[in-house]
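Understanding the architecture of this molecule
Each chain is listed here by its residues.
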Amino acid sequence: MLALSLLTADLEAIGREDFRLLLPLFMTMVLISAIVMLQTWPGPLVGRTNPVWKLPLDLLGADVPARISMTAAGPWLAFGSPLLVSLAFVRAFLLAADAPAAQRLLRILAWAGFLYACYGVLAQLADPNTLLFRQKEAYLGFATGTFVNRNTAATFWGSCALLFLVPLLRSLHRGDQRAAPPSDRPLALLGHYFAAPAALAVGFTVCTLATAMTGSRAGLLLSICAFLLAGTLYLWPLELGTFRRWALLAGAAVVSVLVLQLIGGAVAGRILTYGLIDDQRLAAYRAAIAIVSDHPLFGVGLGNFEAAFAAYRPAELGSLGIWDRAHSTPLQLAVEIGLPATIPIFATVLWYVYQLFRGSLLRRRDRYIPVTGASVAALGLLHSSIDFSLQIAGYGVFFAAITGAGLAQCLPSSLRKNGGGAVATEL
């Protein structure tokens, strides 16, 4: 569906600068597909084949073509995940090239997230032992909404809260008292009330409450840090005076601590009980690094972390639990596709983050859109460095849509009007 939507996309507002922004993503996808092809190619001329392919010959006497990947079809199946996220990112970017369309897209995502947060809160209060009308098997006593994992749910709702917080800051700064649109335009009237400061405050409160109810330590703490980052990015370029700017930031920090104390009781209790560092996760990281050291060039095959981890699983993890992910997306990439391919992917991500921060600080019109994209990018990327939230499609597509819209609005409108032929002097 995303591919079909891209094929029918309106590209009239897209210029050369837009394609230059998307070029690193296209090159990254080509690199991943080339690595996957090399990993699954029988008897590759480059790279060391995985020792697992000797087992059929040793045990059964069957001569099976050796591959770099531990599985024959696994990498191509796993390729669907980055492809899905990339398609969502590009489609959101093309939609958000038009500022009103970008505003509508973020508003739709915000209120969709609000409905998911309402469901998560009500489901936890009314029937905490079910997940989408099925028996809940994990994280009993904590809200997860439609997600199985509470950490992913926390990151999702934290991102939703940012979709409300940044427009709320904009409304409060501008003192929005806009008159309601004519009553003969019901959609415009609905959009007006959905963008009102009171509605934005309600949406932010509910999504933050849902985040706290997950009991996720990293999810809530990183969300609060993202709130502070969003406030800093939005307020810093404003002509507020040094004292007022720092006073506002200090007040935001105090409010964040109060939020953690008032609604983050479950998270604070888990921090006091278990601390901030998970010893099991550190043991898994050490095992993953051992896999990388044994397969540094081309990895063990995209999507093959679970298959490879069993042979390296340390004794301190015990026999309970299935480690199908590394709980660190960058580390898992290094395990599955090797260091030479992981480094340019990491560089591409950092370059996009730089563009989002640059647009947040320099753009003048609709600056809240890149601010939203930058703060959500920081939250999602930081959390995925110690977990796997971006590997879950329910959050990955949502994340890609927000960051894609934010990146599109990092470009000045006048540059697009010129067809991307000249660099505008004003952002």
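1. Let's talk about the overall build of the protein
In terms of regular secondary structure, the protein is built from 19 helices and two strands. For the protein, restricting intrachain contacts to residue pairs at least 6 apart in sequence, the fraction spanning at least 24 positions comes to 73%. Accessible area for the protein stands at about 21100 Å²; split by element, carbon and sulfur atoms hold 68% of it.

2. Details of the nonpolar core
Leu109, Trp157, Leu162 and Phe164 are the most contacted members of the largest nonpolar core, which totals 82 residues. Among the elements that make up this core, the one with the highest residue count is helix 7 (residues 150-174) (11 residues). Beyond its immediate sequence surroundings of up to four residues, Phe164 is in contact with Ala110, Trp111, Phe114, Leu200, Gly203, Phe204 and Cys207. Counting 18 residues, the second largest nonpolar core, distinct from the first, contains Tyr285, Trp323, Ala326 and Val335.

3. Notes on the confidence of the model for the protein
On average, the protein scores 86 in pLDDT, and the residues at 70 or more come to 85%. Note that pLDDT drops below 50 for residues 418-427; the model gives that stretch 20 contacts with residues more than four away or on any other chain.

4. Focus on a nonpolar patch on the surface
Taken together, the side chains of Leu11, Phe19, Leu23, Phe26 and Met27 make up a nonpolar region of the molecular surface, amounting to roughly 480 Å² of accessible area. With respect to the helices, strands and loops of the structure, Leu23 is situated in helix 2 (residues 16-40). What makes Leu23 partly exposed here is its relative accessible area of 43%.

5. Some details on the pattern of salt bridges
Taken as a whole and judged by the stated rule, the model has five salt bridges. With a closest N to O distance of 3.5 Å, Glu316 and Arg286 form a salt bridge. In this pair, Glu316 is assigned in the loop between helix 14 (305-309) and helix 15 (329-337) and Arg286 in helix 13 (residues 279-294), connecting sequence segments 30 residues apart. Comparing Glu316 with Arg286, the two get one shared label, exposed. Asp324 is paired through a salt bridge with Arg325; the nearest N and O atoms lie 3.5 Å apart. On the accessibility criterion, Asp324 (33% relative accessible area) is partly exposed. For Arg325, a relative accessible area of 22% puts it in the partly exposed group.

6. Notes on empty space enclosed by the protein
Per the counting criterion, the structure on display carries one cavity of 30 Å³ or more. In this structure, the largest cavity spans a volume of roughly 60 Å³. Taken together, Tyr119, Gly120, Ala123, Gln124, Asp127, Pro128, Thr130, Leu131, Lys136, Ala143, Thr144 and Gly145 make up the full set of residues lining the largest cavity. Looking at the lining of the largest cavity, the elements that each hand over two or more residues are helix 6 (99-126) and strand 1 (130-131). Ranked by the residues each element gives to the lining of the largest cavity, the list is headed by helix 6, at four residues.

7. A closer look at the packing of helix 2 against helix 16 (residues 339-362)
Between helix 2 and helix 16, the least distance of the axes is 10 Å, while the angle of their chain directions is 160 degrees. The angle between helix 2 and helix 16 places the two elements in the roughly antiparallel class. The crossing of helix 2 and helix 16 is left-handed. Residue-level contacts link Arg20, Leu21, Leu22, Pro24, Leu25, Thr28, Leu31, Ile32 and Ile35 of helix 2 to Ala341, Pro344, Ile345, Thr348, Trp351, Tyr352 and Gln355 of helix 16. Grouping the amino acids of the contact of helix 2 with helix 16 by side-chain chemistry returns 12 nonpolar, three polar and one charged.

8. With respect to the packing of helix 15 against helix 16
Look at helix 15 against helix 16: their axes get within 7 Å of each other, and the N-to-C directions meet at 145 degrees. In this structure, helix 15 contributes Pro330, Leu333, Ala334 and Ile337 to the contact, and helix 16 contributes Leu339, Ala341, Thr342 and Ile345. Class assignment for the residues of the contact of helix 15 with helix 16 results in seven nonpolar, one polar and no charged.

9. What about the side chain of Thr144?
Here Thr144 shows up in the loop between strand 2 (134-135) and helix 7. Of the polar contacts made by the side chain of Thr144, one reaches the side chain of Lys136; its length is 3.5 Å. The residues contacting Thr144, other than those within four sequence positions of it, are Leu131, Lys136, Tyr139, Asn149, Arg150, Ala153 and Trp157.

Procedures and definitions
Residues numbered from 1 in each chain as written. Predicted model: local features only at pLDDT ≥ 70, side-chain atom pairs only at ≥ 80, totals over all residues. Heavy atoms only, no water. Helix = DSSP H or I, 4+ residues; strand = E, 2+ residues; numbered from the N terminus. Contact = heavy atoms within 4.5 Å. Areas by Shrake-Rupley, 256 points an atom, 1.4 Å probe, with all protein chains shown as cover. Core = buried A, V, L, I, M, F, W, Y, C linked by side-chain atoms within 4.5 Å. Buried < 20%, exposed > 50% of the residue type's maximum accessible area, 1.4 Å probe, protein only. pLDDT = per-residue confidence, 0-100. Patch = residues over 30% accessible without salt bridge, like charges linked within 9 Å, V, L, I, M, F, W, Y side chains within 5 Å. Salt bridge = Lys/Arg side-chain N within 4 Å of Asp/Glu carboxyl O. 1 Å grid on protein atoms, 1.4 Å probe; cavity = no way out; pocket = protein on both sides within 12 Å on 5 of 7 lines; lining within 4 Å. Points joined across faces, edges and corners; volume = space filled by probe spheres on them. Axes fitted to C-alpha atoms, helices over the stretch in contact; angles between N-to-C directions. Parallel < 35°, antiparallel > 145°, perpendicular 65-115°, else oblique. Left-handed = near helix turned anticlockwise from the far one by under 90°. Nonpolar A, V, L, I, M, F, W, Y, C, P; charged D, E, K, R; others polar. Polar contact = N/O pair within 3.5 Å; in protein donor to acceptor, adjacent residues only side chain to side chain.

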